[in-house]
Amino acid sequence: MTGTAPRPPRRSALLRATTAAAVAVPLCTAGWFGWRALDHSGPAGATAAPAASAPAASSPASGPASGPASAPPAPTATDQPGTADPGAPADGTAAPLTPPVAPPPSTTPAAEAPSAPADAAVLTGRTVLLDPGHNPGNSAHTAEINRQVDIGNARKECDTTGTETNAGYTEAEYTLDVSRRARALLAARGATVVLVQDGDRPWGPCVDERARAGADAHADVAVSVHGDGGPASGSGFHVIMPARVVAGKADNAAIVAPSRRLGLLLRDRFHAATGEPYADYIAKDGLDTRSDLGGLNLSTVPKVFIECGNMRNSTDAKRMTDPQWRQQAARGIADALTAFLTTQEKTEER
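Note that the structure is predicted; figures quoted are calculated from it, not measured.

1. Some points on the packing of helix 3 (residues 171–188) against helix 8 (residues 323–342)
Any two packed helices are characterised by the angle at which their axes cross and by the distance between the axes.
Next up, step 1: Contact geometry for helix 3 and helix 8: axes closest at 8 Å, N-to-C directions at 55°. On the basis of the axis angle, helix 3 is oblique to helix 8. Between helix 3 and helix 8 lies a crossing of right-handed hand. Between helix 3, through Tyr 174, Asp 177, Val 178, Arg 181, Ala 182, Leu 185 and Leu 186, and helix 8, the contact on the second element is made entirely by Pro 323, Trp 325, Arg 326, Gln 327, Ala 329, Ala 330, Arg 331, Ile 333, Ala 334, Leu 337 and Thr 338.
Next up, step 2: Classifying every residue of the contact of helix 3 with helix 8 gives 12 nonpolar, 2 polar and 4 charged.

Here it is in structure tokens:
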């Protein structure tokens, strides 16, 4: 298109435009710094928490400064000490769920319905294996669980029935309930969570299969949840870490150091979440190291056991049969696993 060329602007107009531009640049720069000061997204590369897509889960209790911080759930009439666990069948057994994802919202008690934490996506892309100790059906399959399996440096029973409180609340019921609660919390933080058994098989699996489950699931870390059957006079919890075992088909040398870091985190976070003291009848400072457990000898991913309390002790039994306390126990486990997967802190000897 052709036309008449525009006249050049007058000097005064040019001067005014140049002055306006000079003022605008510092103002834009100041605005940018103000926006950065209000930005709470964390360091570069951090994953932002989705606003509403994360599944609901009770926020973990605040632990040490390096752990995830959030507020504990407000108790309700259905989640008070001494009451039945909401949503459980009338016979007291835990209803089986389908692994490896978190249970649908309809199976989560209303009092423990999750709320998305600030770090809702912090575990996206990570896989956690939870191993609920024993199986509610083991007692009806003694022949199967009594057969011997190779754990590298010895042969041991496939599994056992576990212990129980004096009132008959079994370790298998406890471990399955706490593992499901921890699964919901971890899934709310973005993790893929796999349960070794979810009450969905008649017995087992054997300890060697439990050890392989971490590798089969391509898990980053694993925790085996238990309740102890110690002397009635003893109370408290302890964490069991793997000793180095290179014998037969066992070679756990690569996981000993990271498992120790996990063990220290689990001890500290569990204690902070539950108030449960360290065991006064076994271990030292809440920590034990063993070479006779197939689940640790044969694992190829960092793994520890936690004995959440002594079910033969009346004080511990009262805590462990309380649904609200079990939620706190699950929170301690979830917080430790989250800290392990999101930090690279050095393990200190303590």
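2. Describing the nonpolar core
Next up, step 1: Judged by nonpolar contacts, the single largest core of 40 residues is most densely connected at Leu 130, Tyr 174, Leu 186, Val 223, Ile 306, Ile 333 and Leu 337.
Next up, step 2: Elements represented by at least two residues in this core include exactly strand 1 (127–132), helix 3, strand 4 (192–195), strand 5 (221–228), strand 6 (238–242), helix 5 (256–274), strand 10 (303–310) and helix 8.
Next up, step 3: With 10 residues, helix 8 is the largest single contributor of residues to this core.
Next up, step 4: With sequence-adjacent residues up to four places away left out, Leu 186 is seen in contact with Leu 123, Val 128, Leu 130, Ala 191, Val 193, Ala 334, Leu 337 and Thr 338.

3. Some details on the pattern of salt bridges
Next up, step 1: Under the counting rule described, the total for this entry stands at 14 salt bridges.
Next up, step 2: Among the salt bridges present, the one from Arg 267 reaches Asp 268, with a minimum N-O distance of 3.0 Å. Across the pair, Asp 268 and Arg 267 agree in class, each one buried.
Next up, step 3: Among the ionic contacts, a cluster of salt bridges with common partners joins Asp 131, Asp 159, Arg 210 and Lys 303.

4. Overview of the state of the cysteines
Next up, step 1: Taken as a whole, this structure holds 1 disulfide when the rule is applied.
Next up, step 2: Note that Cys 158 is cross-linked by a disulfide to Cys 206, the S-S spacing being 2.0 Å. Its S-S torsion of about -95° marks the bond between Cys 158 and Cys 206 as left-handed, since a negative value means left-handed. Of this pair, Cys 158 sits in the loop between strand 3 (155–157) and helix 3 while Cys 206 sits in the loop between strand 4 and helix 4 (207–216), and the two are 48 residues apart along the sequence. There is no split in this pair, since Cys 158 and Cys 206 are both buried.

5. As for the packing of aromatic side chains
Next up, step 1: For the structure on display, the rule yields 3 aromatic pairs.
Next up, step 2: For the pair Phe 237 and Phe 270, a centre-to-centre distance of 4.8 Å together with 50° between the ring planes defines the contact as tilted. Here the residue Phe 237 occupies a position in the loop between strand 5 and strand 6, and Phe 270 occupies one in helix 5, the gap between them amounting to 33 residues. For the residue pair Phe 237 and Phe 270, the accessibility class agrees, reading buried in each case.
Next up, step 3: Classification of Phe 270 as buried rests on a relative accessible area of 0%.
Next up, step 4: Of the aromatic side chains, those joined through ring pairs into one cluster are Phe 237, Phe 270, Tyr 278 and Trp 325.

6. Structural notes on a positive patch on the surface
Next up, step 1: Residues Arg 147, Arg 155, Arg 212 and Lys 249 make up a contiguous surface patch of positive charge.
Next up, step 2: Its location among the elements puts Lys 249 in the loop between strand 7 (246–247) and strand 8 (250–251).

7. Re the confidence of the model for the chain
Next up, step 1: The predicted model of the chain has a mean per-residue pLDDT of 77, with 64% of residues at 70 or higher.
Next up, step 2: When the criterion is pLDDT under 50, residues 1–116 qualifies, and its contacts beyond four places in sequence or with other chains add up to 132 contacts.

8. Thoughts on the packing of helix 5 against helix 8
Next up, step 1: At a closest axis distance of 8 Å, the pairing of helix 5 and helix 8 adopts a crossing angle of 145°. In the packing of helix 5 onto helix 8, the handedness of the crossing is right-handed. Taken together, the residues of helix 8 that come into contact with helix 5 (itself represented by Pro 258, Arg 261, Leu 262, Leu 265, Leu 266, Arg 269, Phe 270, Ala 273 and Thr 274) are Trp 325, Gln 328, Ala 329, Arg 331, Gly 332, Ile 333, Asp 335, Ala 336, Leu 337, Ala 339 and Phe 340.
Next up, step 2: Split into classes, the residues belonging to the contact of helix 5 with helix 8 amount to 13 nonpolar, 3 polar and 4 charged.

9. Some points on unusual backbone geometry
Peptide bonds are trans in most cases, and residues, glycine excluded, mostly fall at negative phi.
Next up, step 1: Note that the residue after Gly 204, namely Pro 205, is joined by a cis bond; omega there is 5°.
Next up, step 2: Its identity as a non-glycine residue notwithstanding, His 134 has a phi of 70°, on the positive side.
Next up, step 3: Along the chain, the position of His 134 falls in the loop between strand 1 and helix 2 (142–146).
Next up, step 4: The phi dihedral of Ala 283 is positive, around 65°, even though this residue is not glycine.
Next up, step 5: Considering the arrangement of structural elements, one finds Ala 283 in the loop between helix 5 and strand 9 (287–290).
Next up, step 6: Here Ala 283 falls in the partly exposed class, since its relative accessible area comes to 33%.

Rules of the game
Residues numbered from 1 in each chain as written. Predicted model: local features only at pLDDT ≥ 70, side-chain atom pairs only at ≥ 80, totals over all residues. Heavy atoms only, no water. Axes fitted to C-alpha atoms, helices over the stretch in contact; angles between N-to-C directions. Helix = DSSP H or I, 4+ residues; strand = E, 2+ residues; numbered from the N terminus. Parallel < 35°, antiparallel > 145°, perpendicular 65-115°, else oblique. Left-handed = near helix turned anticlockwise from the far one by under 90°. Contact = heavy atoms within 4.5 Å. Nonpolar A, V, L, I, M, F, W, Y, C, P; charged D, E, K, R; others polar. Core = buried A, V, L, I, M, F, W, Y, C linked by side-chain atoms within 4.5 Å. Buried < 20%, exposed > 50% of the residue type's maximum accessible area, 1.4 Å probe, protein only. Salt bridge = Lys/Arg side-chain N within 4 Å of Asp/Glu carboxyl O. Disulfide = S-S within 2.5 Å. Phe/Tyr/Trp six-rings, centres within 6.5 Å; stacked < 30°, edge-to-face > 60°. Patch = residues over 30% accessible without salt bridge, like charges linked within 9 Å, V, L, I, M, F, W, Y side chains within 5 Å. Areas by Shrake-Rupley, 256 points an atom, 1.4 Å probe, with all protein chains shown as cover. Lys, Arg positive; Asp, Glu negative; His and termini not counted. Charge placed at Lys NZ, Arg CZ, Asp CG, Glu CD. pLDDT = per-residue confidence, 0-100.

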